[in-house]
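Examining the three-dimensional arrangement
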Amino acid sequence: MALSTLLISLLVTSVVIYFISKVSWRAGAILNFLIGVFLISYVFALHIGVTSNLGTLFGQKLQLTWTHASYYFSAVSLLVIVSVMLFAIKWLDSQKYPAAFNMFILMMTAGSLGVFMAADLITLYIFWEIAVLSSMLIVPMGKKESRKAAVIYAVMSASGTYMYLYGAFLAFQRYGTLNISEIARHMVSDPSTGIKAAIFLLLASAGIAKSGIFPLHTWLRIAHGNAPDAFSAVLSGQLVKLGSYVLMITVAAIPSLRVFGNIPFYSGIPATNYFLIALGATSIIIGTLMAIKQDDMKMLIAFSSVANGGYILIGIGTMDPMGFEGGVLHVFNHAIAAAVIFMAFASVVYRTHTKKISELGGLIHKMPITFLAYLFAIISLAGIPPMSGFISKWMIYQALVRKGMFITAFIAFFGSIGSFLYVFRPLAGVFLGQLPKKYKDVKEVPPVMWIPMMTLVVISLVIGIWPFPVLQPIEGMRMDYGIAPTMRIADSSHWLIKGFSGSWNPVLVFNLFIIGFVIAYILYTMFPRPKKVDLLAPHKEEGAPINIYTGGEYIYTPELYHYNTKFYAGFERMYEKHPSWEKVLEMLAKFFHDLGEWVHGWFFRPSPSAYTFWVSLTILIVFWVRW
Amino acid sequence: MVAAYKALFNLVVAFFLVLSLEGIGRKITARIQRRIGPPWYQNFIDLFKALSKHPFSNGWIFDFGVLMALGGTMATAMVIPMGSAFWTPFPNSDNFFVIMYLFAVGALGMAMGMVGSGNPWSSIGVSRALTQMLGYELPYLIVISSTIFHYKTASIHKLIEMQRGGWNLLVMPLGGIIAFVSLMGMLGKKPFDIATAPAEIASGPMTELSGKYMGLLHIMHVFAIFVEISLFVDIFLGGGNFGWYLVKFIVVWVLAVMISSVLPRFRIEQMIKFYWGVPLGLAFLNALFVLLGWTL
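From a predicted model like this one, the values you see are computed outputs, not experimental measurements.

Attention shifts here to the overall build of chain B. A tally of helices and strands in chain B yields 13 helices and one strand. Its helices and strands in sequence order give chain B the pattern α-α-β-α-α-α-α-α-α-α-α-α-α-α, from N to C terminus. When the backbone C-alpha atoms are referred to their principal axes, chain B occupies close to 55 × 45 × 40 Å. Residue burial in chain B is summarised as follows: out of 296 residues, 61% are buried.

Right under this line is the structure:
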């Protein structure tokens, strides 16, 4: 099947799915899942270099082509989407509009695949809008705030997309082509730095808006925090990666080191790239600091997506072989981790109907599998071995240290250690600690919901131990873009990952782990067996003995003995009065609103006489100019 | 196979060395405060007493957290080079960032298990410990990054070889001093014992530990101290053969104990302000010197 046939039939199928779902939404969801599985097998079977025509526009061929980058990004996206589709087979029964959800999620899949396959800027734009619009229509299916969230999402996304479109037309006007590789070729030989920089930044702004990079990051918290719970997993795990893809296209497919070689800024990195890196670094700071103080667990991870978008941008922006591979690998790691985390949260909300950390607690003994999924996902997100998240962070650090970019490195370290802080908050507040009495009958979610989470966790763990299957397409991409093609980072014959400053062996690290655990377990069994006691004396009558240290108090209300509000109070106090970009935007919005009111007030006075005055004036003018 | 024996030897050395040093540390603190203090082998007695008592467990996550803490820290201790290439169990994987992040597994396991005990004092302690990590790690990582940039390697045993010409502490004195200040925070010695603060929050994470749990986490703490001080000795004091390595290790420990025995405790935000003030500034200054090539 040609690529164009595939995409168009997917779009048509999505409408069919809607009508099937109207009859039985579960049949639609299962069909969706089967289509997803088919897509995965299709993607793995495709050969690199396949092209296909979509049509013509402005005398330009709209082309699709299958590259290493398309393969990698499509595979990651489908992994996330298919898991969510499986998850949705059960989860959708808590939703109001399951039929529309089924339709839009398939439409969005088609759109995203189209973006990754597009060979020219307009095809990319068309599929981009399909993906964005269909995802935007899912967002308002959530709770009360969701409608406003969808509007903000649309506006922010549009502001990025219009800049992108303007950049595409600028490139078309100057070079007479929309094909990405042609534009790249022309840009290398173009003498005008100003126009090149304009095209570069305009194209990149779509990516900046989509991957939630400062200053266009504000929609991400609102949309991800308020979207239907399982869909947040797609938003954060997959859709944000469209932005990373566009950023990668602008920075790497257009060889920015050669194009902007005449404006080096620091350590051989051009000023344009450094500008993007600075934006990424700002996003890390904002995302980390804001995530630490959130009480809403979905908002917390939404802010962490802002920070991780920053990591990806920093990695790719350096255009260093290590940094590029690290940034691209981070796409995979963050996609998997964020998807699992959001699905785990969706499971919690599915059972408890709240997403406030301060209202939850102690769910581990009720939902142990969800807890384990969350635990492994945060280990990956925080970049701790043996999960795959560590590998990409290690590569990005290698690049930053090699280039001597200490301030960016400092921010990256801050984001990394900050991520220990914020991922621990839901762990402690939602899953560990005391179980509030109202949740004593909560059950684990059914297997349909935990199987996708656990599958992704296992994939992340396996890639953490044996990363070479994922590193291979990334190396292929690096060769395609000509970034230090002679250097080899993944040395699978010696089981080593090589950086500029030494190597390490992921298999060995994992084995050490296992040995450490075995020794610890042997020590554990050597000594007397413990007596199992309850936390506190929950759900028992007054006067029962209390099992944990309470300083001599008798406490029978578990909620009172659970520390989950303002977890890092000491640290949060230090930046209570922080400047807020959202407030600046709100002020701007208020200004334009007032301006509009003022103009509106002039033309639409709420009095009949003013109305008559304006109508007669208009008629007079029309007569006068004789239209 | 040789590597496995070396790794095992690491664990044995770490256990006996640090446990005796802890006892000696108690003795030194006591002498500074004009007390007599316990004998140097007191910590062995304490440990085996704790291990032999019948404990209470607060659920499977409590057990799992303790295992993860001990296992993760042991895994890290096995990678650490003890002073020279010969005492490096895994020369291909002794990368600094690998060690640093592997080390985080133990911390995460401990944090998880202790919060799993359901006691808010433990949660408060863990929240303080993580915040403290944010404090001391940043200057430390900047200093180590500039070291890696300077020597063009992050492999610890190669860093040791590079220091043949002169200790890194003398090559970049500023960096060495900052790393030592960060080391104090890492060790959780006063004035940075905010996380455990016995009189304030009932020993923080350790509140619910009984019997062998206390003992196992004590062993974990022993390995953690081994990793932290070894990194400092290897990266800044040039390692050396096994004997010299031990001497340097003991000197660093005694110095840390002596400093901590005369200082009171910081509050949590004071600690952050401290680390993000002068030490972080000096760490950046050190990085600037390295970039400009102004090393001694």
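Time to look at the overall build of chain A. Secondary structure summary: chain A contains 23 helices and eight strands in total. Compactness check: chain A gives a C-alpha radius of gyration of 26 Å against a globular reference of 25 Å for 627 residues, within 12% of the reference. For chain A, the C-alpha atoms occupy an extent of roughly 95 × 75 × 55 Å along the three principal directions. Counting every position in chain A, which comprises 627 residues, the buried fraction comes to 55%. The long-range share in chain A, meaning contacts at least 24 apart out of those at least 6 apart in sequence, stands at 77%.

Turning to the nonpolar core, a few remarks are in order. Residues and elements named next belong to chain A. Residues Val84, Ala233, Ala339, Val340, Ile341, Met343 and Ala377 are the most contacted members of the largest nonpolar core, which totals 323 residues. With 20 residues, helix H14 (residues 321-352) is the single largest residue contributor to this core. Each residue touching alanine 339, except ones within four places of it in the same chain, is listed here: Val80, Ser83, Val84, Ala233, Gly237 and Leu456.

A word on the interface of chain B and chain A. Facing 69 residues of chain B, the contacting portion of chain A comprises 62 residues. Put simply, the parts of the chain that give the side of chain B that touches chain A at least two residues each are helix H2 (42-52), strand S1 (56-57), helix H3 (60-79), helix H4 (96-115), helix H5 (120-151), helix H10 (211-236), helix H12 (268-275) and helix H13 (278-292) of chain B. The element contributing the most residues to the side of chain B that touches chain A is H5 of chain B, with 16 residues. As judged from the two bridges shared by strand S8 (residues 531-532) of chain A and S1 of chain B, these two strands associate in the parallel manner. Following the sheet pairing, lysine 532 of chain A is matched in S1 of chain B by serine 57 of chain B.

A few words now on the pairing of strand S2 (residues 60-65) of chain A. Both faces of the sheet carry side chains from a regular strand, because those side chains alternate between them. Relative to S2 of chain A, strand S1 (residues 51-57) of chain A is paired through six bridges, and the arrangement is antiparallel. Paired with asparagine 53 of chain A across the bridge in S2 of chain A is glutamine 63 of chain A.

Residues and elements named next belong to chain A. Following phenylalanine 214, the chain continues to proline 215 via a peptide bond in cis, the omega torsion being 5°. Along the chain, the position of proline 215 falls in the loop between helix H8 (193-210) and helix H9 (218-226). Cis geometry marks the peptide bond from proline 385 to proline 386; its omega dihedral reads 5°. Within the element layout of this structure, proline 386 appears in the loop between helix H15 (368-381) and helix H16 (389-403).

This part is about the sheet that holds strand S7 (residues 502-504) of chain A. Residue and element names in this part refer to chain A. The sheet built from three strands is open, its strands ordered S5-S6-S7 with antiparallel pairing. Two strands close off the open sheet at either side, each with one partner strand: strand S5 (490-491) and S7. Bridge count for strand S6 (residues 496-499) against S7 is three bridges, and the pairing is antiparallel. If you follow isoleucine 497 over to S7, its bridge partner there is tryptophan 504.

Take helix H12 (residues 271-292) of chain A next. The terminal C-alpha atoms of H12 of chain A lie 32 Å apart, and with 22 residues this matches the ideal 32 Å at 1.5 Å per residue to within 8%. With 17 of 22 residues buried, H12 of chain A is to be regarded as a mostly interior element.

All names here are of chain B. Residue-level pLDDT values for chain B average 88, and 100% of them are 70 or greater. Here helix H9 (residues 198-201) is the element of chain B with the lowest mean pLDDT, 79, and helix H11 (residues 242-260) is the one with the highest, 91. This prediction of the complex comes with two scores: 0.90 for pTM and 0.91 for ipTM.

So, about the environment of glycine 261 of chain A. Along the chain, glycine 261 of chain A turns up in the loop between helix H11 (256-259) and strand S3 (264-266). With 358 residues separating them along the chain, glycine 261 of chain A and isoleucine 619 of chain A place their C-alpha atoms 60 Å apart.

Turning to the packing of helix H3 (residues 68-91) of chain A against helix H4 (residues 98-117) of chain A, a few remarks are in order. All names here are of chain A. Put simply, H3 and H4 touch, their axes get as near as 9 Å, and they point 170° apart. As the angle between them shows, H3 and H4 are arranged roughly antiparallel. When H3 is examined against H4, the residues Ser70, Phe73, Ser74, Ser77, Ile81 and Met85 are found in contact with a partner set consisting of Ile105, Thr109, Ser112, Leu113, Phe116 and Met117. Among the residues forming the contact of H3 with H4, the class breakdown is seven nonpolar, five polar and no charged.

With 26 residues, helix H17 (residues 406-431) of chain A ought to run about 38 Å at 1.5 Å a step, and its terminal C-alpha atoms sit 37 Å apart, in line with that. A positive phi of about 80° marks glycine 433 of chain A, the residue just after H17 of chain A.

With respect to the helices and strands, the residue phenylalanine 406 of chain A is situated in helix H17. C-beta crowding within 10 Å serves as the criterion here: with 23 such atoms nearby, phenylalanine 406 of chain A is assigned to the buried category. Those residues in contact with phenylalanine 406 of chain A, other than ones at most four positions away along the chain, are Ile142, Ser145, Ser146, Phe284 and Ala287 of chain B.

Residue and element names in this part refer to chain A. It is at 6 Å that the axes of helix H10 (residues 229-253) and H14 come closest, and there the two elements cross at 165°. Classified by the angle their axes make, H10 and H14 are roughly antiparallel. Both H10 and H14 take part in a crossing whose hand is right-handed. Contact with H10, carried on its side by Asp229, Ala230, Ser232, Ala233, Ser236, Gly237, Gln238, Lys241, Ser244, Met248 and Ala252, involves Phe324, Val328, Val331, Ala335, Ala338, Ala339, Phe342, Met343, Phe345, Ala346 and Val349 of H14 and no other residues of that element.

Reading the values: rules and limits
Residues numbered from 1 in each chain as written. Chains lettered and ligands numbered in written order. Predicted model: local features only at pLDDT ≥ 70, side-chain atom pairs only at ≥ 80, totals over all residues. Helix = DSSP H or I, 4+ residues; strand = E, 2+ residues; numbered from the N terminus. Buried ≥ 20, exposed ≤ 12 C-beta atoms within 10 Å, placed from the backbone. Rg over C-alpha atoms; globule rule 2.2 N^0.38 Å. Contact = placed C-beta atoms within 7 Å. Core = buried A, V, L, I, M, F, W, Y, C linked by C-beta atoms within 7 Å. Pairing = 2+ DSSP bridges. Expected span 1.5 Å × (residues − 1). pLDDT = per-residue confidence, 0-100. Axes fitted to C-alpha atoms, helices over the stretch in contact; angles between N-to-C directions. Parallel < 35°, antiparallel > 145°, perpendicular 65-115°, else oblique. Nonpolar A, V, L, I, M, F, W, Y, C, P; charged D, E, K, R; others polar. Left-handed = near helix turned anticlockwise from the far one by under 90°.

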